Amino acid sequence: MQLRKLLYNRLTIATFSVIAVAVTFYVYVVDASSRALIDLDVYMQAAKAFANGENIYQTAYSVTDRWGRSIQLYYYYPPLLAHALSHFISLNETTVKVGWCLLNFASMIISSVSLSSVVKHSWWGSISSIPRTLLFGFFVMCFEPLYVGNGDGQVTAIILATLSLASLAAVRRDNFLEGALLALAINIKISPALLLLAPIVFG
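Anyway, here's the lowdown on the structure attached to this text. Not measured: the values here are computed from a predicted model.

1. Details of the pairing of strand β1 (residues 61-64)
Then, in step 1: Here β1 shows one buried face, formed by Tyr-61 and Val-63, and one open face, formed by Ser-62 and Thr-64.
Then, in step 2: Bridge count between β1 and strand β2 (residues 70-73): four bridges; the pairing is antiparallel. When the bridges of β2 are listed, Thr-64 appears paired with Ser-70.

Right, dumping it as structure tokens:
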């Protein structure tokens, strides 16, 4: 009887996992990549300017939003992002959008797994690994700033994944990896530099 119940529970979890991944994949990759990703458009235009040796901060970039309006946006990020994307400027727009949405989707999965591991030694540890990761996946995938940011092609999910991995490295007392991941996050988007206040304040 116990074996039957165990198999039923595992089948239920597996079915829920497959459905959840399929739905979120459609929302964050298939549907999102079919829209106008204005921030990604800015990143790619800055990447082209970077590849041509131009000043990526000098002028605003013209982009078209999902409602067909033409707007002007500046590139507000450190040059690392533009440099990394400059290697992909020869790809067509559809390929870039799908690849970017896949990267963001993978980043959200990484965040879910990392955060689940971070809290493993708290009361969350009473929940087994897969259900706990699914719960964190639900919180991450349903986090509105991520949903909105992904819909605009922002770098938010990648930053969250980087900081989640940094938190996991901190829990495991791997100071070098923690610092490297935080430095990477800061070089992609400057706002994670605020996290440097914690070691300064608390020693």
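Now, onward.
2. Looking at the packing of aromatic side chains
Then, in step 1: Within this structure, the stated rule accounts for twelve aromatic pairs.
Then, in step 2: Between Tyr-28 and Tyr-147, the aromatic rings sit 6.2 Å apart at their centres with planes inclined by 85°, giving edge-to-face as the arrangement. Taken as a pair, Tyr-28 in helix α1 (residues 2-33) and Tyr-147 in helix α6 (residues 144-151) lie far apart in primary sequence, 119 residues in all.
Then, in step 3: Ring plane angle 55° and centroid distance 5.6 Å describe the contact between Tyr-75 and Tyr-77, whose orientation is recorded as tilted. Like Tyr-75, the residue Tyr-77 is buried in the burial classification.
Then, in step 4: Aromatic rings pair up to connect Tyr-43, Tyr-57, Tyr-75, Tyr-77 and Trp-100 into one cluster.

3. Re the environment of Phe-139
Then, in step 1: Along the chain, Phe-139 turns up in helix α5 (residues 129-141).
Then, in step 2: Its relative accessible area of 45% is what places Phe-139 among the partly exposed residues.
Then, in step 3: Distance from Phe-139 to Ser-90, taken between C-alpha atoms, is 36 Å for residues 49 residues apart in sequence.

4. Notes on the pattern of salt bridges
Then, in step 1: Going through the model one piece at a time under the given rule, you end up with three salt bridges.
Then, in step 2: Notably, a salt bridge pairs Arg-69 with Asp-65, separated by 2.7 Å at the nearest N-O pair.
Then, in step 3: Classification of Asp-65 as buried rests on a relative accessible area of 7%.
Then, in step 4: The salt bridge partner of Asp-152 is Arg-66, with a shortest N-O separation of 3.0 Å. Of this pair, Asp-152 sits in the loop between α6 and α7 (156-171) while Arg-66 is found in the loop between β1 and β2, placing the two residues 86 residues apart along the sequence.

5. Thoughts on helix α2 (residues 38-51)
Then, in step 1: Under the 1.5 Å per step criterion, the end-to-end length of α2 is 20 Å for 14 residues, consistent within 8% with the ideal 20 Å.
Then, in step 2: Among all positions of α2, only Ile-38, Asp-39, Leu-40, Val-42, Tyr-43, Met-44, Ala-46, Ala-47 and Ala-49 are buried.
Then, in step 3: Looking one or two residues past α2, Gly-53 carries a phi angle of roughly 75°, positive in sign.

6. Some thoughts on the packing of α2 against helix α4 (residues 93-118)
Then, in step 1: Running from N to C, α2 and α4 point in directions that differ by 115°, and their axes come no closer than 11 Å. By the criterion of interaxial angle, the relationship of α2 to α4 is roughly perpendicular. In this structure, α2 crosses over α4, and the sense of that crossing is right-handed. The segment α2 lies against α4, with Leu-40, Tyr-43 and Met-44 engaging Val-96, Lys-97 and Trp-100.
Then, in step 2: Looking at the contact of α2 with α4 residue by residue, the classes come out as five nonpolar, no polar and one charged.

7. Considering the nonpolar core
Then, in step 1: Grouped together as the largest cluster of nonpolar side chains are 37 residues, with contacts concentrated most on Tyr-43, Tyr-75, Trp-100 and Val-155.
Then, in step 2: Among the secondary structure elements, those contributing two or more residues to this core are α1, α2, β1, α3 (79-85), α4, α5, α7 and α8 (175-188).
Then, in step 3: At eight residues, the largest contribution of residues to this core is made by α2.
Then, in step 4: If we skip the residues at most four places from it in the chain, Tyr-43 touches Tyr-75, Tyr-77, Leu-81, Leu-85, Trp-100, Gly-153, Gln-154 and Val-155.

8. So, unusual backbone geometry
Then, in step 1: Despite not being glycine, Arg-173 has its phi angle at roughly 60°, a positive value.
Then, in step 2: Considering the arrangement of structural elements, one finds Arg-173 in the loop between α7 and α8.
Then, in step 3: Overall, the relative accessible area of 72% leaves Arg-173 in the exposed class.

Cut-offs and rules
Residues numbered from 1 in each chain as written. Predicted model: local features only at pLDDT ≥ 70, side-chain atom pairs only at ≥ 80, totals over all residues. Heavy atoms only, no water. Buried < 20%, exposed > 50% of the residue type's maximum accessible area, 1.4 Å probe, protein only. Helix = DSSP H or I, 4+ residues; strand = E, 2+ residues; numbered from the N terminus. Pairing = 2+ DSSP bridges. Phe/Tyr/Trp six-rings, centres within 6.5 Å; stacked < 30°, edge-to-face > 60°. Salt bridge = Lys/Arg side-chain N within 4 Å of Asp/Glu carboxyl O. Expected span 1.5 Å × (residues − 1). Axes fitted to C-alpha atoms, helices over the stretch in contact; angles between N-to-C directions. Parallel < 35°, antiparallel > 145°, perpendicular 65-115°, else oblique. Left-handed = near helix turned anticlockwise from the far one by under 90°. Contact = heavy atoms within 4.5 Å. Nonpolar A, V, L, I, M, F, W, Y, C, P; charged D, E, K, R; others polar. Core = buried A, V, L, I, M, F, W, Y, C linked by side-chain atoms within 4.5 Å.

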